[in-house]
Amino acid sequence: MGIKIQSSQDIFRDLRESGSYYIDKTETIREYLEKHFEKAVMFTRPRRFGKSLTLTMFRDFLDIRQDSKSIFEGLKIMDYPELVKEYMNQYPVVFLSLKEVFGEDFGAIFANFKIAVSDLCKQYNVLLESDRVLEEDKSLLRLLRKQSADEANTIAVLNTVSRMLHDHYQKPAFVIIDEYDVPMAKALGTPAYDKVRDMVEHMLSYVCKTNSDVKGIILSGCLYTVKNSTYTGVNNIVPYTVLSPLHASSIGFTDENVRLLLSDAGLADLYDTVEEWYDGYIFGRERMYCPWDVLSFVKSKLDGSYSEAMGPESYWLNTSETSLNLIHGFLGRTTAANERFEQLLAGNTIECSVNEFVPYHKIHESGENVWSALVETGYLTKTVTEKMPLMPLKIPNKGIQIVFRQEVWNYFNDKVDNVFVRDLVNALWAGEIQKAEEALNQILEATLSFYHEYHEYSYHLILDGFFTGLGYRVQSERETGYGRSDLIIPDPVRQRCLLLELKHVEKESEMEAALQEAESQIIKKKYESELIYEGYGTRIQYGMAFCDKRTLMTRVY
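Quick caveat: nothing in here was measured; it's all calculated off a predicted structure. (Residues numbered from 1 in each chain as written. Predicted model: local features only at pLDDT ≥ 70, side-chain atom pairs only at ≥ 80, totals over all residues. Heavy atoms only, no water.)

1. Examining the overall build of the protein chain
Thought 1: Looking only at helices and strands, the protein chain features 24 helices and 16 strands.
Thought 2: Relative to its length of 557 residues, the protein chain is compact, with a C-alpha radius of gyration of 27 Å against a globular reference of 24 Å.
Thought 3: Projected onto its principal axes, the C-alpha coordinates of the protein chain cover approximately 90 × 55 × 40 Å.
Thought 4: Looking at the 557 residues of the protein chain, the share that counts as buried comes to 57%.
Thought 5: Contacts in the protein chain between residues far apart in sequence, at least 24 positions, make up 72% of those at least 6 positions apart.
Thought 6: Looking at the protein chain as shown, the accessible area adds up to about 22900 Å², and 45% of this sits on carbon and sulfur atoms.
Thought 7: Measuring between centres, the 62 positive side-chain charges of the protein chain sit 3 Å from its 82 negative side-chain charges. (Helix = DSSP H or I, 4+ residues; strand = E, 2+ residues; numbered from the N terminus. Rg over C-alpha atoms; globule rule 2.2 N^0.38 Å. Buried < 20%, exposed > 50% of the residue type's maximum accessible area, 1.4 Å probe, protein only. Contact = heavy atoms within 4.5 Å. Areas by Shrake-Rupley, 256 points an atom, 1.4 Å probe, with all protein chains shown as cover. Lys, Arg positive; Asp, Glu negative; His and termini not counted. Charge placed at Lys NZ, Arg CZ, Asp CG, Glu CD.)

2. Points about the packing of helix α6 (residues 106-121) against helix α12 (residues 193-208)
Thought 1: Axis separation between α6 and α12 bottoms out at 10 Å; the angle between their running directions is 25°. Our classification of the angle between α6 and α12 gives roughly parallel. Side by side, α6 and α12 meet where Phe-106, Ile-109, Phe-110 and Phe-113 of the first sit next to Lys-195, Val-196, Met-199 and Met-203 of the second.
Thought 2: Classifying every residue of the contact of α6 with α12 gives seven nonpolar, no polar and one charged. (Axes fitted to C-alpha atoms, helices over the stretch in contact; angles between N-to-C directions. Parallel < 35°, antiparallel > 145°, perpendicular 65-115°, else oblique. Nonpolar A, V, L, I, M, F, W, Y, C, P; charged D, E, K, R; others polar.)

3. Let's talk about the packing of aromatic side chains
Thought 1: Per the counting criterion, the structure on display carries 21 aromatic pairs.
Thought 2: Aromatic pair Phe-49 and Phe-283: ring centres 5.3 Å apart, planes at 50°, arrangement tilted. Separated by 234 residues along the polypeptide, Phe-49 in the loop between β1 (40-44) and α3 (51-62) and Phe-283 in strand β7 (residues 281-283) bring together distant segments of the chain. With respect to burial, Phe-49 and Phe-283 carry one shared label: buried.
Thought 3: Consider the rings of Phe-467 and Tyr-472, whose centres lie 5.7 Å apart with planes at 70°: the pair is edge-to-face.
Thought 4: Clustering of aromatic rings is evident, with ring pairs tying together Trp-277, Tyr-278, Phe-297, Tyr-306 and Tyr-315.
Thought 5: Sitting over the ring of Tyr-91, Lys-171 keeps its end group 5.5 Å from the ring centre.
Thought 6: Above the ring of Phe-102, the side-chain terminus of Lys-186 is found at 4.8 Å from the ring centroid. (Phe/Tyr/Trp six-rings, centres within 6.5 Å; stacked < 30°, edge-to-face > 60°. Lys NZ or Arg CZ within 6 Å of the ring centre and 35° of its normal.)

4. What about the sheet that holds strand β13 (residues 483-491)?
Thought 1: Across the sheet, five strands lie side by side as β12-β13-β14-β15-β16; this open sheet has mixed pairing. The open sheet is flanked by β12 (475-480) and β16 (550-556), the only strands paired with a single partner. Pairs of neighbouring strands in the sheet enclose a mean axial angle of 35°, with direction left out of account.
Thought 2: When β13 meets strand β14 (residues 496-504), the two strands line up antiparallel, connected through five bridges. Note on β14: the bridge partner recorded for Pro-490 is Cys-497.
Thought 3: Lying over the sheet, helix α20 (residues 418-430) contacts β13, β14, β15 (538-547) and β16, oriented at roughly 125° with respect to β15. (Pairing = 2+ DSSP bridges.)

5. Points about a negative patch on the surface
Thought 1: A cluster of like negative charges, contributed by Asp-150, Glu-151, Asp-194 and Asp-198, occupies part of the molecular surface.
Thought 2: Counting through the fold element by element, Asp-198 comes out in helix α12. (Patch = residues over 30% accessible without salt bridge, like charges linked within 9 Å, V, L, I, M, F, W, Y side chains within 5 Å. Salt bridge = Lys/Arg side-chain N within 4 Å of Asp/Glu carboxyl O.)

6. A look at the environment of Ala-149
Thought 1: Tracing the backbone shows Ala-149 in the loop between α8 (135-145) and α9 (151-155).
Thought 2: The spacing of Ala-149 and Ser-372 is 223 residues in sequence and 39 Å in space, taken between C-alpha atoms.
Thought 3: With near-sequence residues (within four places) excluded, Ala-149 lies in contact with Lys-114, Leu-140, Leu-143, Leu-144 and Thr-154.

7. Some thoughts on the environment of Thr-232
Thought 1: Considering the arrangement of structural elements, one finds Thr-232 in the loop between β4 (214-221) and β5 (238-240).
Thought 2: Residue class for Thr-232 comes out exposed when judged on its relative accessible area of 61%.
Thought 3: For Thr-232 and Gly-431, which are 199 residues apart along the polypeptide, the C-alpha to C-alpha distance reads 66 Å.

8. Here we look at the sheet that holds strand β8 (residues 286-289)
Thought 1: Pairing in this open sheet of three strands is antiparallel, and the strands run β6-β8-β7 from one edge to the other. Strand pairing shows two members of the sheet lacking a second neighbour, β6 (253-254) and β7, which therefore form its edges.
Thought 2: Of the pairings in the sheet, the one linking β7 to β8 comprises three bridges and is antiparallel in character. Bridge pairing in β8 links Ile-282 to Arg-287.

As structure tokens, this is what we get:
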């Protein structure tokens with residue numbers, strides 16, 4: 001019997017009632033409520049790792065207005081009857097998502113916040129009919145529902161509603177806030193940022209301070225960006241970041257989860273492919289996969305949309321504008337940043353001090369902050385299981401490597417006429433060396449300011465980005481023959497590929513010798529041997545020598 005995959009579903013009840021496939025993460029409920037309870041906690045994970053599904057799971061388990069036994073039936077949490085008796089549908093819950101709270105300026109952002117507040121307050125008709133709720137609170141609730149409350153009362157909504165729920169149910173409430181940092185992330189780099197940050201921190205402080213109306217607060221986001229806030233209540237939050245051993249496997253897929261999913265889908269033989277493309281993260285001490293990637297891949301295989309010619313996709317591409325802006329924001333800033341970026345794209349590691357509490361507005365103050373933010377947002381991962389003063393970092397997998405390469409293209413696309421890029425690519429496929437040289441020299445003229453100095457990886461990065469931007473699956477530093485070729489650009493549909501070997505020299509007088517060295521290396525190390533085995537009938541090989549903004553090329557037969 002087949003399984004039903006919904007890769008985009010992030011509402012727990014809807015997922016369960018639809019009969020869709022679910023990797024059981026309900027043990028997280030026990031981990032929090034029974035084993036490691038803190039009044040205010042925050043789960044920070046990259047986009048598409050299942051934060052919203054996790055928080056709606058908590059909501060549906062706790063909410064006193066629901067009857068949730070059927071949707072949790074058969075799941076691990078039901079193995080703990082005392083916990084179920086004490087908590088399942090026993091507490092009032094306030095659930096607020098800030099996913100849609102953004103806009104062009106603070107006025108638009110606050111207008112969207114008021115809509116989210118209004119939608120929240122419209123869920124509680126019972127409070128307007130309650131004999132236990134104060135009349136002035138009922139009046140305020142009506143204003144909030146009509147988006148007519150003033151700014152201060154709108155920001156204090158969680159405190160107000162939790163107080164009213166406590167009065168009505170005679171039990172403190174759980175407050176759950178999904179994607180709390182989206183408004184700040186979206187406002188980053190705009191005049192609205194400071195006001196938005198103040199709004200979010202003030203809202204959180206109302207409920208995170210000492211508050212008898214609140215039993216627990218659970219938040220999710222990409223970054224723990226409110227540490228050391230001027231609002232004292234915010235500083236009570238206990239964060240579980242990607243570096244934290246506790247709750248490390250609560251959000252995301254473990255290797256065991258992935259093997260089970262592939263087995264249930266009848267795709268166990270594709271484990272190696274999934275591992276290569278979507279594995280690679282270490283959260284705390286756990287090896288983790290991104291659920292969005294894995295589920296999207298499995299779904300494409302089951303529904304027939306998978307392209308054998310193209311192979312696996314980078315499903316994360318363009319799913320997180322903020323994270324991509326982090327990459328874009330420091331390209332070209334310093335030689336050190338560029339060199340580290342190139343090392344990452346070559347599959348190597350870099351060592352950095354990782355700060356898991358970087359506020360959005362301080363991300364671009366230093367290179368270390370940028371690398372730290374990229375770790376928290378899932379574009380880099382640590383390669384060790386323990387915290388260290390200097391963390392070795394790498395790009396997790398092939399899927400994310402494509403995202404990095406695409407962003408290089410986006411960066412250069414602002415600076416280079418696309419005509420030159422297409423002239424270069426077309427000339428390389430056609431074997432027209434003079435045209436290819438002219439086009440690449442034009443490109444180097446336009447991008448020279450990207451670097452303070454050139455070296456081999458600089459040109460490697462430029463070419464890699466251009467081909468990725470045009471839709472090719474570039475293979476960088478791939479083992480082939482008796483060595484590692486610099487760049488292989490396959491075109492499987494046309495059964496052809498390009499192979500580029502790059503050399504960099506300090507003086508123009510050394511370029512011819514470097515070109516001969518590249519040609520000799522391609523021949524002696526038999527780089528094309530594996531490409532022949534893979535069925536590429538047309539294999540076009542080039543040696544390239546670079547000096548500053550000049551290049552020479554030769555075709556190798």
